Amino acid sequence: MPASPQKQFTMLPCHLPGVEAVRAQSRHSFGRHMHEQFGIGVVVQGAQKSLSGVGMVEAMAGDTITVNPGEIHDGTPIGDSGRCWQMLYVEPALIASLMDDITEGKTARAEFFLPVMRDKRISQAVQTLFATMTSPQGTHASAEEQMLMLFANVMQPASLLSQGVQGVPSAIQRARSRIDDDPTAILSLQDLAQQSGLSRFQLLRAFAKATGMTPHAYILQRRLHHARRLIAAGMPLVQVAVDSGFADQSHLTRLFVRNFGISPGVYSSRS
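Residues numbered from 1 in each chain as written. Predicted model: local features only at pLDDT ≥ 70, side-chain atom pairs only at ≥ 80, totals over all residues. Heavy atoms only, no water.

Q: Can you help me understand the overall build of the protein in this one?
A: Helix and strand counts for the protein come out as ten helices and eleven strands. On C-alpha atoms alone, the protein measures out to a radius of gyration of 19 Å, which is about the 18 Å that the 2.2 N^0.38 rule sets for 271 residues. Considered along the principal axes of its C-alpha atoms, the protein spans approximately 55 × 50 × 40 Å. The burial tally for the protein puts 44% of its 271 residues in the buried class. Nonlocal contacts in the protein, meaning residues at least 24 apart in sequence, comprise 69% of its contacts between residues at least 6 apart. Total accessible area on the protein is roughly 13500 Å²; 53% of this is exposed by carbon and sulfur atoms. Considering the protein, the positive charge centre built from 24 side chains and the negative charge centre built from 21 side chains are found 8 Å apart. (Helix = DSSP H or I, 4+ residues; strand = E, 2+ residues; numbered from the N terminus. Rg over C-alpha atoms; globule rule 2.2 N^0.38 Å. Buried < 20%, exposed > 50% of the residue type's maximum accessible area, 1.4 Å probe, protein only. Contact = heavy atoms within 4.5 Å. Areas by Shrake-Rupley, 256 points an atom, 1.4 Å probe, with all protein chains shown as cover. Lys, Arg positive; Asp, Glu negative; His and termini not counted. Charge placed at Lys NZ, Arg CZ, Asp CG, Glu CD.)

Below you can see the structure in the form of structure tokens.
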């Protein structure tokens, strides 16, 4: 039987290392989550509303959508028919290399400055890049050229933006750094509160306000990204679950699908 159109995700091989391509069709509403990569894509059909670094936004068919690493976002379809989109996820190291060229060595740090863009030229450039990146007829050279031209138009140096860790209380930064340093560690709310010099309730409230997530939700996000890296390195899924701090493989699979739209098994065989 054909796959249900209600939630269908396909990963496609790319010509450039450090880039992942996803084509999706879904009616699913995604909870708050984040990615470690930069993401840029186009809504092909339907529409959605989502949280972003600048608040709630809506994207319609033909709009370009972006997300920066660590940016808390979600996604809910507008209407009953769901939406289709295609995304390219790019590793920060590759973006840094491109931006170093684009700015002639002035900076390698940059971010997307708009979560939704309604410029048809940009939308067409993103779709062209997606096709070049995933088509058997595409080449490494053509994909690289198109990426340079596209990102020169849609990114700004990070120093010009107010997003990121600026404005986050130092106590919350300490708690977040503790999680980032070892997301697989067993950390209680009390542990993080003591690290931050706050009560448990103060930490919970301030952490959610600063990051958009509770400490527990943030830990799970970091564990999922740790698991993704281990899977990409070829580690068996049973061991990935253990090394990433999940109760078992089924726990990893359930959260992985909820976050990325595909199972760990599909992700491990994507190439």
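This is not the end of the story, as more comes after the structure.
Q: Before we go on, may I ask you to explain the layout of surface pockets in this structure?
A: Where empty space is left becomes clear once a probe the size of a water molecule has been rolled over the atoms. By volume, the second largest pocket is sized at about 260 Å³. Along the wall of the second largest pocket there are 19 residues; nearest its centre are Leu16, Gly18, Val19, Glu20 and Arg270. (1 Å grid on protein atoms, 1.4 Å probe; cavity = no way out; pocket = protein on both sides within 12 Å on 5 of 7 lines; lining within 4 Å. Points joined across faces, edges and corners; volume = space filled by probe spheres on them.)

Q: I'm lost on the pattern of salt bridges in this one. Help?
A: Side-chain pairing between opposite charges can occur once the charged atoms of the two side chains come close. By the definition in use, this model includes eight salt bridges. Between arginine 121 and aspartate 119 there is a salt bridge whose closest N-O contact spans 3.2 Å. Note on aspartate 119: relative accessible area 23%, which makes it partly exposed. Connected through salt bridges with shared partners, the residues Glu20, Glu36, Glu91, Asp180, Arg222, Arg228 and Arg229 form a single ionic network. (Salt bridge = Lys/Arg side-chain N within 4 Å of Asp/Glu carboxyl O.)

Q: Got a minute to help me understand empty space enclosed by the protein in this structure?
A: If you walk through the whole model with that rule in mind, you get two cavities of 30 Å³ or more. The computed volume of the largest cavity comes to approximately 530 Å³. Along the wall of the largest cavity there are 33 residues; nearest its centre are His33, His35, His73, Trp85 and Tyr89. Those elements that provide at least two residues to the lining of the largest cavity are strand 1 (7-12), strand 2 (19-26), strand 3 (30-33), strand 4 (38-52), strand 6 (64-67), strand 7 (73-77), strand 8 (83-90) and helix 9 (249-260). Of the residues in the lining of the largest cavity, the class split is 17 nonpolar, eleven polar and five charged. (Nonpolar A, V, L, I, M, F, W, Y, C, P; charged D, E, K, R; others polar.)

Q: I'm lost on a nonpolar patch on the surface in this one. Help?
A: On the surface, a nonpolar cluster with roughly 260 Å² of combined accessible area is contributed by Leu189, Phe201 and Leu204. Within the secondary structure, phenylalanine 201 sits in helix 6 (residues 200-211). (Patch = residues over 30% accessible without salt bridge, like charges linked within 9 Å, V, L, I, M, F, W, Y side chains within 5 Å.)

Q: So what exactly am I meant to see when it comes to helix 2 (residues 120-134) here?
A: Residue pairs three or four apart in sequence face the same way in an α-helix, which turns once every 3.6 residues. Between its first and last C-alpha, helix 2 extends 21 Å over 15 residues, near the 21 Å set by a 1.5 Å rise per residue. The set of residues buried in helix 2 consists of Ile122, Ser123, Val126, Leu129, Phe130, Thr132 and Met133. One side-chain oxygen of the residue at the start of helix 2 lies 2.8 Å from the amide nitrogen of arginine 121, identifying that residue as aspartate 119. (Expected span 1.5 Å × (residues − 1). Polar contact = N/O pair within 3.5 Å; in protein donor to acceptor, adjacent residues only side chain to side chain.)

Q: How should the packing of aromatic side chains be read in this particular structure?
A: Centre-to-centre distance and the angle between the planes together describe a pair of aromatic rings. Scanning all chains against the criterion turns up eight aromatic pairs. Ring geometry for phenylalanine 9 versus tryptophan 85: centroids 5.8 Å apart, planes at 85°, classification edge-to-face. One end of the pair, phenylalanine 9, is in strand 1; the other, tryptophan 85, is in strand 8, and 76 residues separate them in sequence. Under the relative-accessibility criterion, phenylalanine 9 is labelled buried at 15%. Judged by centre distance (5.6 Å) and plane angle (70°), the ring pair of phenylalanine 207 and tyrosine 218 falls under edge-to-face. (Phe/Tyr/Trp six-rings, centres within 6.5 Å; stacked < 30°, edge-to-face > 60°.)

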